[in-house]
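One-letter residues, chain by chain:
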Amino acid sequence: SQQGEEDPQALSIQEGENATMNCSYKTSINNLQWYRQNSGRGLVHLILIRSNEREKHSGRLRVTLDTSKKSSSLLITASRAADTASYFCATDSRSNDYKLSFGAGTTVTVRA
Amino acid sequence: DGGITQSPKYLFRKEGQNVTLSCEQNLNHDAMYWYRQDPGQGLRLIYYSQIVNDFQKGDIAEGYSVSREKKESFPLTVTSAQKNPTAFYLCASSMTSGGGPSQYFGAGTRLSVL
């Protein structure tokens, strides 16, 4: 079952701009992860944030988690053409035996 | 060079045919997964295995079968009972299956029906 929903579905930005995408989910979670998928390839893990954390950074990535609103955001700063990809949030919860549940993704296009 | 290898990259299935997708990992991970991805959609879990000789159905197991005879290998068979098999299939693995560890993905197999 897909619990996460990303917003927007698609995003087009200029190189150097920041990209922000959001993920909302329905039930209480244990962890929330963000993955990147380049066209026609597998997913690559970007960052994991636990339910008791509010913000995490990794390089140009910043993830926030608001469990009261059941939402998370992924910010990519100073975007590059290589950031062009689809980004997925994935949640796990005790109610789903900790299996990952993926959203439909946000497709980001970075224009040179 | 550690990772997950899926083969073949492209696969074509004829009507009434069973086909098997290969997934091998050398990461020494206990848990392995199979997902299906349709265009513009997220991943849906087909089967997963937490340990050798054991596996569980995911959300869309009908028309698929798996085996886990070795820790490194988790092949997926798309049977003739799967009436709409055209999709991108992704295999993944993780150290354990509990508590949401990050998963490592293969490059995928794109299956089409002739």
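Criteria and cut-off values
- All residue numbers refer to position in the chain's written sequence, counted from 1.
- Chain labels run from A onward and ligand labels from 1 onward, assigned in the order the entries are written.
- With the structure being a predicted model, the display of local features is reserved for residues of pLDDT at least 70 and the display and counting of side-chain atom pairs for 80 or more, all residues being used for whole-chain, interface and lining totals.
- Values shown for side chains rest on all heavy atoms present in the structure; no hydrogens or waters enter the calculation.
- Helix numbers and strand numbers start at the N terminus; a helix is a DSSP run of H or I with at least 4 residues, a strand a run of E with at least 2.
- With a 1.4 Å probe rolled over the protein chains alone, any residue whose accessible area is under 20% of its type maximum counts as buried; one over 50% counts as exposed, and the rest are partly exposed.
- Each polar contact in these results corresponds to two N or O atoms within 3.5 Å; when the atoms are within protein, one needs to be able to donate a hydrogen and the other to accept it, and residues that are neighboring in sequence are counted only if both atoms are side-chain atoms.
- Note on contacts: a residue pair qualifies if any of its non-hydrogen atoms lie within 4.5 Å across the two residues.
- The pairing criterion for strands is at least two bridges between them, as found by DSSP.
- Note on definitions: angles span 0 to 180 degrees between N-to-C directions of axes, and those axes are lines fitted to C-alpha atoms, for helices only across the stretch in contact.
- When two cysteine sulfur atoms are found within 2.5 Å, that pair is recorded as a disulfide.
- By nonpolar core we mean a set of buried residues, namely Ala, Val, Leu, Ile, Met, Phe, Trp, Tyr and Cys, connected to one another through side-chain atoms within 4.5 Å.

Another aspect to go through is the side chain of T106 of chain A. Residue and element names in this part refer to chain A. Here T106 is to be found in strand β11 (residues 106-111). We classify T106 as buried; its relative accessible area is 0%. Within polar-contact distance, the side chain of T106 engages the backbone oxygen of P8 at 2.6 Å. In contact with T106, not counting residues within four places along its chain, are E6, D7, P8, Q9, L11, M21, A85, S86 and Y87.

The next point concerns the sheet that holds strand β1 (residues 4-7) of chain B. Residue and element names in this part refer to chain B. If you walk across this open sheet you meet the four strands as β1-β3-β8-β7, and the pairing is antiparallel. Among the strands making up the open sheet, the edge pair consists of β1 and β7 (64-66). Taking the axes of each pair of neighbouring strands and ignoring which way they run, one obtains an average angle of 20° across the sheet. Where strand β3 (residues 19-25) and strand β8 (residues 76-78) come together, three bridges link them in antiparallel fashion. The residue bridging T20 from the neighbouring strand is T77, located in β8.

Turning to the state of the cysteines, a few remarks are in order. Residue and element names in this part refer to chain A. Throughout the structure, instances matching the rule amount to two disulfides over all chains. The disulfide partner of C23 is C89, and the gap between their sulfur atoms is 2.0 Å. Across the S-S bond of C23 and C89 the torsion is about 65°, and the bridge reads as right-handed. Within this pair, whereas C23 is found in strand β3 (residues 19-24), its partner C89 is found in strand β9 (residues 85-92), the two being separated by 66 residues in sequence. Here C23 and C89 have matching classes, each one buried.

Once that is clear, we can look at the nonpolar core. In this structure, M21, L32, W34, L46, L74, I76 and Y87 of chain A are the most contacted members of the largest nonpolar core, which totals 22 residues. Residues M32, Y64, A87 and L111 of chain B belong to the second largest nonpolar core, which totals 20 residues.

All right, on to unusual backbone geometry then. A cis amide bond links D7 of chain A with the next residue in sequence, P8 of chain A, at an omega value of 0°. Looking at where P8 of chain A falls in the secondary structure, it is placed in the loop between β1 (5-7) and β2 (10-14). Residue P8 of chain B follows S7 of chain B across a cis peptide bond; omega there is -10°. Residue placement: P8 of chain B occurs in the loop between β1 and β2 (10-13). Of note, A78 of chain A is a non-glycine position whose phi angle comes to about 45°, a positive value. By secondary structure assignment, the location of A78 of chain A is in the loop between β8 (71-76) and β9. For N53 of chain B, which is not a glycine, the phi torsion comes out positive at approximately 65°.

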